[in-house]
Amino acid sequence: MVGITSIGAYIPIYRLSREEVGKMWLTKGSAGGRAVAGYDEDTVTMAVAAALDCVKGNGRKVDGLYFATTTAPYKEKQSAAIIASAVDLDKECDTADLTNSLRAGTTAMKGAIGAVESGAATQVLVVAADCRLGAPKGRFEQILGDGAGAVMIGSTDPIATIEGSYSIFSDFTDLWRTNNDDFIQSGEVRFIEEAGYIPTMQEAVQGLMKKYSLAPADFSKIVFYAIDSRQHTDMAKRLGFEKSQVQDPFFGQIGNTGAAQVLVSLVAALEEAAPGDRILVAGYGDGSDTFIVRATEHVSTMHHRKPSMKDMLARTVPVDYGRYLSWRDLIPTEPSALPERAEPSLAPRWRERKVIRALYGVKCRKCGTPQIHTIGQSLRVCIACRAKDEFEDYKFSDKRGKLFTYAIDKLQPTKNSPGLNGVIDFDGGGRWICELTDYDVSKAATGMPVEVTFRKLSQGKGIVNYFWKAKPVLE
Amino acid sequence: MESIKDKVAIVGMGCTRFGERWDMGVEDLLVEAAYEAYEDAGIEPKDIQAAWLGTVFSGMSAMTLSPLGLQYIPVTRVENMCATGSEALRGACYAIAAGVCDIALAIGVEKLKDSGATGVKGPAIIGDNTDGSSSIGSGYSAPASFAYLGTRYFSHYNLAPEEGKRLLAEIAVKNHHNGSLNPKAHFHNELSVEQVMKAPIVAWPLGLFDCCGVSDGAAAAIVVRADMAKRFRADPIYIKGMAISVGARQGTIGSGYDFVHVEENTRAAQAVYEQAGIKNPRKEISCAEVHDCFSTHELVVYEDLQFSPRGRAKEDIDAGTFTLKGELPVNTDGGLKCFGHPLGASGLRMMYEMYKQLQGKAGPRQVKNPRLAMTHNLGGNAGAGVGCCVVVGNEK
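Counting starts from 1 at the beginning of each chain's written sequence and moves along it residue by residue. Numbering of ligands from 1 and lettering of chains from A proceed in the order in which they are written. Owing to the predicted nature of the model, reporting of local features is limited to residues with pLDDT of at least 70; listing and counting of side-chain atom pairs is limited to 80 or more, with chain, interface and lining totals taken over all residues.

Asker: So what exactly am I meant to see when it comes to the domain arrangement of chain A here?
Answerer: Size of an interface: often given as the accessible area lost when the parts come together. All names here are of chain A. Residue ranges labeled as domains rest on an automatic or database domain assignment. Splitting chain A by domain gives domain 1 (3-327) and domain 2 (346-472). The C-alpha-based centres of domain 1 and domain 2 are spaced at 31 Å. If one sorts the elements of the side of domain 1 that touches domain 2 by residue count, helix H2 (residues 43-55) sits on top with 4 residues. Under the grouping applied here, Gly and all other residues not named as nonpolar or charged are polar, the nonpolar ones being Ala, Val, Leu, Ile, Met, Phe, Trp, Tyr, Cys and Pro and the charged ones Asp, Glu, Lys and Arg. Broken down by class, the residue content of the side of domain 1 that touches domain 2 amounts to 9 nonpolar, 4 polar and 4 charged. Think of it this way: any DSSP run of H or I at least four residues long counts as a helix, any run of E at least two long counts as a strand, and we number them from the N terminus.

Okay, here's the thing in structure tokens:
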């Protein structure tokens, strides 16, 4: 039976308090805070983190990766291929981006279910991530949040099966961005709710229940899209669901994560679902996709996930409004007085593709020493025994390590000064000098456990320069 | 393999005032250093038979030396990161030792302050794909790469952060005192330990005064066959040994490197002592100019050059061993810290001071009865660098 075989999520650690935004503009800020992608994060890096979380401990073959977002870093160039590469999926894996709609996350899920049902694929990883921008001072600035969710669709030992689905499309213009818009544009608030959101959601959800002869009481949880918590609470009532049946969409702690929102909420619901629980899932945007998801006896394996959604909600670092603006390039800042670094060149980046892919180094077949070149140059002669061309690939991205020594760098041209750089000794061997991220400089110490994370190393006028950094292990 | 010991002599040297030389271009700096060296050696420009020019960023090819008006002689431009000046001297000395010329010029120059930026252009990572085009090199600053040594040294030897900072401060205070006695130095101010410790942090544990000056400058040497040296002057200085050690980045690729010493320094020192026949460097070396680009590095260099036993530089710092009046004065001219660090010139600037010391011409900084002196550079970083040592003496 086709279902969800694994789940994953990623919420950046940074939070912008809405009160802080309110103070900035002398208006009342809403309650709570919104998740903010770090200066070195974007939709792709968050998707990689959620995807890695989802495939963790699951060595089975993944033959599809569908990536959903409305904020792909490139207008032309596939994000799914970047993500599949960093997650180190098989070269024959189908990759596709589903974009331009808030419903892209559930549409990707529906496509994956179809692919597995038809036998065209055995396991499809669905990842959704968004990092949308509201104009400063506007309502979306406070409403939105950054994050990513992932589900693996397959048929072997699912933690939840898909018992049914129902979708409708609707050419309704409520929110949009043209090619020239940086910020979300919106129709009049009550109009888009009364003429768009409410009837579309009602039609889809009621259509699903009618199709499968089910009523709200048949579901233990409902997971659905809404723009904010007011709309969410109101819609649950309209659909006939009790408060206790409604999965918290974390608007207070994260914000509206766009195309990722339903998947993020579904991950949270499955982390707490009991075997047999029926969950109604409804995505919205240019129509609606709805599903009946039913937890199996395997769902209990998801109850002790590390990190869980609860962990990710608990680990937060406040970010002030100034940093938020500079991280999103919404305010020009004085450039570093240090000489500018050269833009990455495509040819060496191509030669370094294995290192970029999943932090691949090499291991000497003669002496067994794992090794990786700090700037990704190919290693031809073993650093330990000097054997020539006697290497096999050795993946470092799945290894943890310890900080051997470090430097807190106030000169480093980073948007999260001071920079922290470290010499990492990997468990199992291998040393790497790298930048760190998501750190608390006051806690930097030799011997600190670290893991690696896929980030933007730089982004200049040209391409996004994705690479790996180390970050403290949070446990 | 023969040692270079006593085959080559330095008979003239020149060094510009280092600093932010807005008033001088590369060409002015080269002329100023070269003509001081000619005059010191008592030679005419036409006497130069071959020249080695060291610069990292301030010009390409031997044509950078054209402002000297040399007349169709062989000129070689060399580059070896912060050891570039010493590399130019090495090239000239080897040519003399080989007998292919009798009088050669070694000159180093760097004009860092025309870039319009603070700090040194970076990271021109060794062996990378044509100047930083490697897409994934970390973007940290030069101080950060030497902060690694401090962080690890403190942790390895259980030094409390305050205590470690104080040790580093003592090094900066010493070098600034020496530099204050030197009209050619970039800076002339004395510092207190408290000032150094309270200075803004650049890359912990390095504060502003733990970092060397970014300077413009040039320095030059005239080298001749040792057996000809006395024809030029009564007090020539003889090359006793020259060594360069380059690893394979073992410290940054393979695990196990401790970040409390620099292997390239250690190996270059061992090699140079062997060439010079030095058994006990602490006793036999009268004074030294070492690569104090950052105070953390001078700290480990004391141990790499065997001036202090491993882990015990602290005792020598506290005893004042490396001060002007101490047992083994180090960086008597102010060092990179206070004299300044125009990359291509620094190795020859160090030699300029050791040359003057060995001739008894170091004025208020004069060390008592020196016999053997050494210079030391490190190009690159701890774990992946170019270690370079030269030993010179005033007796053959």
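Now that the structure is up, let's keep going.
Asker: Would you take a moment to explain the sheet that holds strand S14 (residues 317-318) of chain A for this structure?
Answerer: Backbone-to-backbone hydrogen bonds join strands into a sheet, with any given pair of strands oriented parallel or antiparallel. Residues and elements named next belong to chain A. Spatially, the 3 strands line up as an open sheet ordered S3-S2-S14, and their pairing is mixed. The open sheet is flanked by strand S3 (33-36) and S14, the only strands paired with a single partner. Here a strand pair is declared whenever DSSP counts at least two bridges between the two strands. Judged from the 4 bridges that link them, strand S2 (residues 14-17) and S3 form a sheet pairing that is antiparallel. Looking at S3, one finds that Tyr14 is bridged to Val36.

Asker: How do you make sense of the pairing of strand S1 (residues 8-15) of chain B when you look at a structure like this?
Answerer: All names here are of chain B. Among the 8 residues that make up S1, 8 are buried, leaving the element largely enclosed by the rest of the structure. By the bridge criterion, 7 bridges tie S1 to strand S7 (residues 216-225) in an arrangement that is antiparallel. Residue pairing for S7: Met13 is matched across the bridge by Ala221. For S1 and strand S8 (residues 237-246), the ladder comprises 2 bridges, and the chain directions are antiparallel. Paired with Ala9 across the bridge in S8 is Tyr238. Every C-beta atom is placed from the backbone, and the number of other C-beta atoms within 10 Å of a residue's own sets its class: buried at 20 or more, exposed at 12 or fewer, partly exposed in between.

Asker: Could you clarify how one ought to interpret the nonpolar core in this entry?
Answerer: Side chains of nonpolar character tend, in soluble globular proteins, to be buried together. Residue and element names in this part refer to chain A. In terms of nonpolar packing, the biggest core is built from 272 residues, with Ile83 and Val127 touching the most fellow members. It is H2 that provides the largest number of residues to this core, a total of 10 residues. Any pair of residues counts as being in contact when their C-beta atoms, constructed from backbone geometry, are within 7 Å of one another. Residues contacting Val127, with those up to four places away along its chain left out, are Ala47, Ala50, Ala51, Leu65, Phe67, Ile83, Ala148 and Ala150. Note on terminology: a nonpolar core is any set of buried Ala, Val, Leu, Ile, Met, Phe, Trp, Tyr and Cys residues joined through C-beta atoms within 7 Å.

Asker: Got a minute to help me understand the environment of Gly164 of chain B in this structure?
Answerer: All names here are of chain B. Tracing the backbone shows Gly164 in helix H4 (residues 161-180). Note: C-alpha distance between Gly164 and Pro205 (41 residues apart in sequence) is 8.2 Å. The contacts of Gly164, once residues within four sequence positions are left out, are Gly150, Tyr153, Phe154, Leu159 and Pro205.

Asker: Sorry if this is basic, but what is going on with the packing of helix H3 (residues 142-156) of chain B against H4 of chain B here?
Answerer: All names here are of chain B. Helix axes are fitted to C-alpha atoms over the stretch in contact, other axes to C-alpha atoms as well, and angles between N-to-C directions run from 0 to 180 degrees. For the pair H3 and H4, interaxial distance at closest approach is 10 Å and the crossing angle is 125°. As judged from the angle between their axes, H3 and H4 are oblique. Crossing angle aside, the handedness with which H3 passes H4 is right-handed. Along its contact with H3, which presents Gly150, Tyr153 and Phe154, the element H4 presents Pro161, Gly164 and Leu168. The residue makeup of the contact of H3 with H4, split by class, is 4 nonpolar, 2 polar and no charged. Any angle that is under 35 degrees is reported as roughly parallel, and any over 145 degrees as roughly antiparallel; angles of 65 to 115 degrees are reported as roughly perpendicular and all others as oblique. Each crossing gets its hand from how the near helix is turned against the far one by less than a right angle, where anticlockwise is left-handed and clockwise is right-handed.

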